[in-house]
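Here are the chains, one letter per residue:
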Amino acid sequence: MSSPTSDLDADTDPDSDVDSGAPTLKEYADSPPVRRLDDWGYTHLEALAAEHGTPLYVIDLDRVRENYARFAAAFPNAHVMYAAKAHTGRAVLSALIDLGAPIECAAWGELDRAIDAGADPNECQYTAVNPPDRDIDYAVSLAEDYPGVTITAGATDTLDRLSERGYDGRLAIRINPGIGTGHHEKVATGADAKFGLPAERVPAVAEEARDSFDLVGVHAHVGSGVLGDDIDDHCRAVGRIGETARQVESSGSLEFVDIGGGYGVPYRPDEEPLDLVEVRERVRAALGDVDGQLRLEPGRYVVADAGLVLTEVNTTKRTPETTVVGVDASLGTLVRPAMFDSYHAIRNASAPDRAREPVSVGGPMCTSADVFATDRPVSRPEREDVLAIGNAGAYGYELASQFHSQPRPAEIALDGGDARVVRRRETLADVTRVERDANR
Ligand SMILES: *Cc1c(COP(=O)(O)O)cnc(C)c1O
C-alpha cells in the first residue's frame, strides 16, 4: 500500500511528476501552523457575501491542503488518513485525495462520498460504531470488490455480524483505553464505554479474531480538540494503546497501530497552535515500541481553520446590559457554540477598522442557545454589515440543520485564485421535498 508520506520525497523520487507544476505535498507542508480570522482578506470576504448572499460557508482548499501536508510531514513514516466526518464536502475530499490522503470513514455515506470523490476504496478505512445494518452491509459488499478496505470494530457483536455476512477481510479492533480527552465532555470518547472494547479484553478478542479475519491493526480515537495540556491525557491514552498493541502483537503481527485523530486548533486568540514535532515526539515516546506502522486520523486539524461563515447583520439593539447584534446565521448554520459552548472568533468584515465595542451576536431562532458570542468586542456592527465567524471548517456545515425551516447555506470553495460554489444554497422546496415525495 502506498503511503501518502512517500510523496514528501517527491523531488528525489524519479517517478514523481516534476513537470506538472502543481504544488507538491512538500510545498504545502511548509505553511503556517495556524490561520487566524484576521489572516483572511476582509474585502474579498465582503465581495463573496455580496455575490452569493448570506449566511455563507467559505472553505479555502489550499489551506486544507496545507494543514494535511503539514500534519503528514510532521509524522514521516506514519500513515496519515483524513477523517471525513469533520467536513465531507466533495471539494474537500477530492482536494485531499488528489494529495494522496487516504480517507477514514465512520459511516456508509462517508464511504460512498469518499469513493465518489475519487478515493481508492482499497485505501479506505471504515470505523463501525454501533453500525446499523445498512452501514455494515455497505462496507462488507465494498470489501468483496476491494479487499484493501479495512473495517474497525469496537464490539464483539460487530465481529459476529461481520462473520454472519461472510466477511473475513482486513480487520482492526478498536481499543477503549479508559482515558478520554478533548475540548468538551461530549467528544471525550476514550473513556466512554460506547467506543471500543475495554483495553484489557482486546488481546483475547484479537487472538480469537485472527481465526476468522485478517487482523491488521488495533485502533483507538480518544477525544477531539486536543490542545495545550490536553496532550498529557492524550499521551496517557496513547500509552495504553501501545501497551495493548504489544500484547496483541505477542499473538501475531499487526500491520498498524492507529491512534485516531483529535488534534486541536486554536479557536481563541490566546491559544497557541500545537507544535506538531513535539506532539510527534511525545506520541512516539508514549506509544513505545510497536511493530505495526503508526496510523493517525486527523479530521478537525485539517479543515477547521480553512473555513468560515459569513453572516449579515439585520438588527442592532442597545439594551442596558449589552448591545444585541442580530445576524442571519443561526445554530442551524453553525451549531458548535450551542452544542459544545465553542468559542468562534468574530470580525466585522465590512468595517474591520471601526472601534470595537462589546456585543452579543445571535441568530433568528427562538432559543437562547442561538448565540455565537456574548459581550465580545467587535468593530461596531451596523445593519447590513457582514460579520465573519472563524474556524467553521470542521463540524460546521456537517452539523448544519434545517431547524426553523431554514434552508441550509451555500458553500464557496476558494482554490488558488478561484472562488466557486461547491454547494448551492438550499431552497424552501429542498426542505419540503421529502413531504411532497411522501404524498406523491
Ligand atoms: C471523529 C473521528 C476522527 C477525527 O476526529 P477529529 O477530532 O476531528 O480529529 C478520527 N477517527 C475517528 C474514528 C473518528 O470518529
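In case you missed it, the structure is sitting above this.
What comes next is a walk through the structure. (Residues numbered from 1 in each chain as written. Predicted model: local features only at pLDDT ≥ 70, side-chain atom pairs only at ≥ 80, totals over all residues. Heavy atoms only, no water.)

1. Things to note about the site of the ligand
And step 1. Close to the ligand lie 14 residues; Lys85, Ser224, Glu297, Arg300 and Tyr395 are nearest.
And step 2. Lys85 has a polar side-chain atom sitting 2.7 Å from an oxygen atom of the ligand.
And step 3. A distance of 3.5 Å separates an oxygen atom of the ligand from a polar side-chain atom of His221.
And step 4. For the ligand, whose accessible area on its own is 390 Å², the fraction buried by protein is 94%. (Near = heavy atom within 4 Å. Polar contact = N/O pair within 3.5 Å; in protein donor to acceptor, adjacent residues only side chain to side chain. Areas by Shrake-Rupley, 256 points an atom, 1.4 Å probe, with all protein chains shown as cover.)

2. As for unusual backbone geometry
And step 1. Here the amide bond leading from Thr54 into Pro55 is cis, since omega sits at -10°, within 30 degrees of zero.
And step 2. Within the secondary structure layout, Pro55 lies in the loop between helix H2 (42–52) and strand S1 (56–60).
And step 3. Despite not being glycine, Tyr395 shows a phi value in the positive range, around 55°.
And step 4. Mapped onto the secondary structure, Tyr395 falls in the loop between strand S19 (386–389) and strand S20 (410–415).
And step 5. Phi at Ser405 takes a positive value of approximately 55°, unusual for a residue other than glycine.
And step 6. Relative to the elements of secondary structure, Ser405 occurs in the loop between S19 and S20.
And step 7. According to the relative accessible area criterion, Ser405 is partly exposed, its value standing at 48%. (Helix = DSSP H or I, 4+ residues; strand = E, 2+ residues; numbered from the N terminus. Buried < 20%, exposed > 50% of the residue type's maximum accessible area, 1.4 Å probe, protein only.)

3. Considerations on the side chain of Arg35
And step 1. Counting through the fold element by element, Arg35 comes out in the loop between helix H1 (25–29) and H2.
And step 2. Among the polar contacts made by the side chain of Arg35, one reaches the side chain of Asp60 at a distance of 3.1 Å.
And step 3. Other than its neighbours up to four places away in sequence, Arg35 contacts Trp40, Asp60, Arg63 and Asp305. (Contact = heavy atoms within 4.5 Å.)

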